[in-house]
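Breakdown of the fold
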Amino acid sequence: MCTFVAVFLQKAKKTKMKHTLFSIIMLTVSVLLPATAAAEVLPLLQNVNAYEQTSLNGEWNYIVDVQEEGYYDYRMNPTPWGFFLNAKPQRPEDLIEYDFDKAPVMQIPSDWNTQDERLFFYEGTVWFKRSFQAVPMQDYRTLLYFGAVNYDCRVWVNGKEAGRHVGGFTPFNFDISDLLVEGENVVIVKVDNKRHKGDVPTQIFDWWNYGGITRDVMLVKTTKVYLEDYSAALRRGEGRKDGKRTIDFSARLNTPEAGHKVTVRIPELKLESTFTTDSEGKVGGTLKVSAKKLTLWSPENPKRYQVLLSLDTATYSDSIGFRTIETRGKQILLNGEPVFLRGISIHEEKPNGGGRANSTDDARTLLTWAKELGCNYVRLAHYPHNEYMVREAERMGIMVWSEIPVYWTIDWTNDDTYANARQQLHDMIARDHNRANIIIWSIANETPHSAERDSFLGRLARYARSQDSTRLISMAMEVTSAANYVNRLQDNMHELVDVVSFNQYVGWYRDVNDAPKMRWEIPYDKPVIISEFGGGAKYGYHGAKNQRWTEEFQENLYRENLAMIDKIEGLAGTSPWILKDFRSPRRVLNGVQDYYNRKGVVSDRGEKKKAFYVLKEWYQTKENKKK
Ligand code: GCU
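Residues numbered from 1 in each chain as written. Predicted model: local features only at pLDDT ≥ 70, side-chain atom pairs only at ≥ 80, totals over all residues. Heavy atoms only, no water.

1. Points about the environment of D229
Tracing the sequence through the fold places D229 in strand β12 (residues 227-234). Looking at D229, the relative accessible area reads 16%, which means it is buried. Sequence separation of D229 and L253 is 24 residues, and the distance between their C-alpha atoms is 6.9 Å. (Helix = DSSP H or I, 4+ residues; strand = E, 2+ residues; numbered from the N terminus. Buried < 20%, exposed > 50% of the residue type's maximum accessible area, 1.4 Å probe, protein only.)

As C-alpha cells, this is what we get:
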C-alpha cells in the first residue's frame, strides 16, 4: 500500500474526520487494490483423512479482543484495517496497535478456557494467528479444513477473507488455493463464542461454553476434481438366508462433470466396480456380495473393511463396516436381530478438568470407562463430537447416538436459526454417514411443545431422513404429565421419529424414592429409549441414602430407576446421565458442584462412584439374558 494513502488514512482515522469521507476513501482504496478472488466456502470434504494433509495444529498466537477492536471501528462498522491484515509498522511513526508476533501462544486445537486461566469464564472474541509455508500448485487445490471452531468464526489468509462459519461442533473447509503465495503465508482466525437467542444452541445450556479452535486444523491437497462425497451402505431388508447382500454405493465429485471414472474396490471381499460420472458429476450403483462371505459390523465383532476409491488417477482409502439398523414394532434390530442398547451419555470433555476432548487418546479413555460399565452404545450429547470419538467407538464396537444442539428453547420462528440447525444437521450426517456404529441421528433435546417447535423439528426430521434413509431418527423428549404416579408421554413428534426417546429424572428433580410407584404410558408402537436419567453425587462424599450428594443417594437412585424402567414396555435401551462429571456454568453449589455437574457415575478424575457398579451389574444381567 503506497505510503501516501497510509499516512492520509491514519490522519483521517486519528482526527476522526467525517466518517463518510473515510468510507468513501475506503471504497476507492478497495477498488484500487488488485482484486483477488474471494475464497470459496465448500461443501464438506468426505473422509478428510484420506487426503494428503499439512497439519496446522500447534502453537498459534492469540489476542483477546473483548470489544472487537480488531474488527469494528469506533462506529461499530466493520473496518478494512482490522487485525486480519496482520499489519506491521512500515516506518517508525506508523501506528499499529496490535502485534500477533508479540502475543502469547496457545496450543491448537484446544479451548481457550483451560489454556489461559484469565479466559476460564471468558465469552467473546479471540484472534488467532499462525504462519505456514506453502506453494501455490497449478494442478491441485489447497483446502483449509477445521474440525470445529466454537462458535462464530471468520478466517483470513494473507489478509484476504477465506470465509465464515457458524456453529461450534461440525467441520468446515475453504478453498484457499487462490489466496496462497509462495513461501510464508499467514492465516488469521477470529473466534467469537458469545451466546445469542437465535443461535444453536441458544443462550442457555448445561455445559461449559468452551471457546476457540477446538479441533484439528489442516491444509488439504486435492486434485482439481475430487471425490467430494461417497457412501457405501448395506441394504436393509435382505437377510443372511439370501445368497447375496447388496451394498449401495454412490459418489459425487466437487464439480458437475461427466465422464470421470470412479472405481470402488473392497479387496478383502474381492469386490470391484467402476462407474462413470453423469452430467452432475455423480455415480451410483450396487455391489453384490455373498452373504456368507460378509462379516457384519456389530459390537461383538466391529468388523470394518478397507474400501479403496479411485477417481481417475487419485486413490482414497477408508475403512467401513457394513450392518443394517432398523425397527420392528418396539424392537430395534441390528443386522435383523433385536438389540438392547446398554448405554451412557457422554459430553466431549477430557478428564481431569482438561477442557474439550479432541484425540484418539481422549476418546479411548472415555469409551474404555463406558466399556467397563458394560456399554455397547453411547449417546454423544448434545452436539456432534469430534471424529476421533466416533471412529474410536466404531473400532471398539460401540454404537452411537449423534445429536445436534437444538437444545431447550430454541428461537423456533427465526429462519436463520432454522438454517443454522439444518446446516449443522447436514454437516453432522455428511461427516459421519459412512460410520457403521452411528445408528441414531438425534435432532433435539428437551424442547418445549408448541406448533412452532413442531414445525421446526418436523422439517429437521424430514430433512435428516432425506439425507440418510439408512439410520434411525430420534430426539430426546420429555415426560408430558406425571399425575398420580402415571407418567405419560404425548409428543406430536412421535410420528416423525423411529425411536421414542425421553429424559426422566424420577428420584432427582422429582418424586424422590417414588420410583417403585411409577407407571408409564407411552402410547406409541415404537422402541423406547430412556435417553437420560440420573442424579448427582460428589465422589468420596458418603452418608445416608437419603442424603443428597452422597454416593449412597446416587447409588440408591440408580437401583430404583433401573428397576422402574425395566418395567417399561418396549424399552430398547438407555443412556443414563452421565458417564463423567462435567463442567457447567449452571452448577454453582460451592464445595459440591464448583461449576461441575456431578451426575457422572465417574468423577472428573475417573474415580468410579458406587452407582457405576449398580449400572454395570444391570447391564451384565441384560447381556446374560441375551446369551
Ligand atoms: C437435562 C439436560 C442435560 C442436563 C441434565 C441435568 O436433562 O438434557 O443437558 O445436564 O438435564 O440437569 O443434569
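Structure's up, so let's keep going.
2. Describing helix α8 (residues 610-626)
An ideal rise of 1.5 Å per residue puts 24 Å on 17 residues; α8 measures up with 25 Å between its terminal C-alpha atoms. Along α8, the residues that are buried comprise A611, F612, V614, L615, W618, Y619 and K622. Seen along its axis, α8 keeps its buried residues to an arc of 165 degrees; they face one direction. Contacts from the buried residues of α8 go to β22 (341-342), α3 (360-373), α7 (551-565) and β32 (571-574). (Expected span 1.5 Å × (residues − 1). Arc of directions from axis to C-beta. Contact = heavy atoms within 4.5 Å.)

3. Focus: the packing of aromatic side chains
Scanning all chains against the criterion turns up 37 aromatic pairs. Ring centres 5.1 Å apart and planes at 80 degrees place the aromatic pair W508 and W549 in the edge-to-face group. Remark: W549 occurs in the loop between β31 (528-532) and α7 and W508 occurs in the loop between β29 (500-503) and β30 (519-521); sequence separation between them is 41 residues. What makes W549 buried here is its relative accessible area of 16%. The interplanar angle of 85 degrees and the centroid separation of 5.7 Å between the aromatic rings of W508 and F553 together place this pair among those described as edge-to-face. In this pair, W508 is assigned in the loop between β29 and β30 and F553 in helix α7, connecting sequence segments 45 residues apart. Like F553, W508 is buried. In textbook terms, an aromatic cluster arises when at least three aromatic residues are bridged by ring pairs, as seen for Y71, Y72, F83, F84, Y98, F100, W127 and W156. (Phe/Tyr/Trp six-rings, centres within 6.5 Å; stacked < 30°, edge-to-face > 60°.)

4. Describing the sheet that holds strand β18 (residues 314-320)
What holds strands together in a sheet is hydrogen bonding between their backbones, with the strands either parallel or antiparallel. Reading across from one edge, β15-β14-β17-β18 is the order of the four strands in this open sheet, with antiparallel pairing throughout. Edge strands, defined here as strands with exactly one partner in the open sheet, are β15 (271-276) and β18. Averaged over all adjacent pairs, the angle separating strand axes in this sheet is 15 degrees, with direction ignored. Here seven bridges tie strand β17 (residues 305-311) to β18, and the two strands are oriented antiparallel to one another. Looking across to β18, one finds that L309 is bridged to Y316. (Pairing = 2+ DSSP bridges. Axes fitted to C-alpha atoms, helices over the stretch in contact; angles between N-to-C directions.)

5. Observations regarding the sheet that holds strand β24 (residues 377-380)
Here nine strands make up an open sheet; going across it, the order is β22-β32-β31-β29-β27-β26-β25-β24-β23 and the pairing parallel. Where the open sheet ends on each side, the last strands, each with one partner, are β22 and β23 (345-346). Pairing analysis gives four bridges linking β24 to strand β25 (residues 399-403), with the strands arranged parallel. Within β25, the position partnered with R379 by the bridge is W401.

6. Focus on the site of the ligand
Taken together, 14 residues lie around the ligand, and D206, Y407, E446, Y509 and E532 are the ones closest in. Taking H382, its side chain carries an N or O atom lying 2.7 Å from an oxygen atom of the ligand. In the model, an oxygen atom of the ligand is placed 2.4 Å from a nitrogen or oxygen of the E446 side chain. Computed on the free molecule, the ligand has an accessible area of 310 Å², of which 97% lies beneath the protein chains in the complex. (Near = heavy atom within 4 Å. Polar contact = N/O pair within 3.5 Å; in protein donor to acceptor, adjacent residues only side chain to side chain. Areas by Shrake-Rupley, 256 points an atom, 1.4 Å probe, with all protein chains shown as cover.)

7. Notes on the layout of surface pockets
In this model, the second largest pocket occupies a volume close to 680 Å³. Lining the second largest pocket are 37 residues, and of these D229, S231, S250, H433 and Q467 sit closest to its centre. Residue assignment for the lining of the second largest pocket shows that the elements contributing at least two residues are β12, β13 (244-253), β16 (282-290), α5 (415-432) and α6 (451-467). Of all the elements, β12 adds the most residues to the lining of the second largest pocket, at seven residues. Its residues assigned to classes, the lining of the second largest pocket comprises 14 nonpolar, eleven polar and twelve charged. (1 Å grid on protein atoms, 1.4 Å probe; cavity = no way out; pocket = protein on both sides within 12 Å on 5 of 7 lines; lining within 4 Å. Points joined across faces, edges and corners; volume = space filled by probe spheres on them. Nonpolar A, V, L, I, M, F, W, Y, C, P; charged D, E, K, R; others polar.)

8. With respect to a nonpolar patch on the surface
Together, F121, V588 and Y595 give the surface a local cluster of nonpolar side chains, amounting to about 280 Å² of exposed area. Secondary-structure assignment places V588 in the loop between β33 (582-583) and β34 (596-597). We classify V588 as partly exposed; its relative accessible area is 47%. (Patch = residues over 30% accessible without salt bridge, like charges linked within 9 Å, V, L, I, M, F, W, Y side chains within 5 Å. Salt bridge = Lys/Arg side-chain N within 4 Å of Asp/Glu carboxyl O.)

9. Describing the pattern of salt bridges
All told, the structure shown has 51 salt bridges when counted by the stated rule. One salt bridge connects R379 with E403, and the closest N-O pair in it is separated by 2.9 Å. Taken together, the residues R379 in strand β24 and E403 in strand β25 connect sequence positions 24 residues apart. The buried category is assigned to R379, whose relative accessible area is 0%. Looking at E403, the relative accessible area reads 0%, which means it is buried. Residues joined by salt bridges that share partners form a network here, namely K88, D99, D101, K102 and K129.

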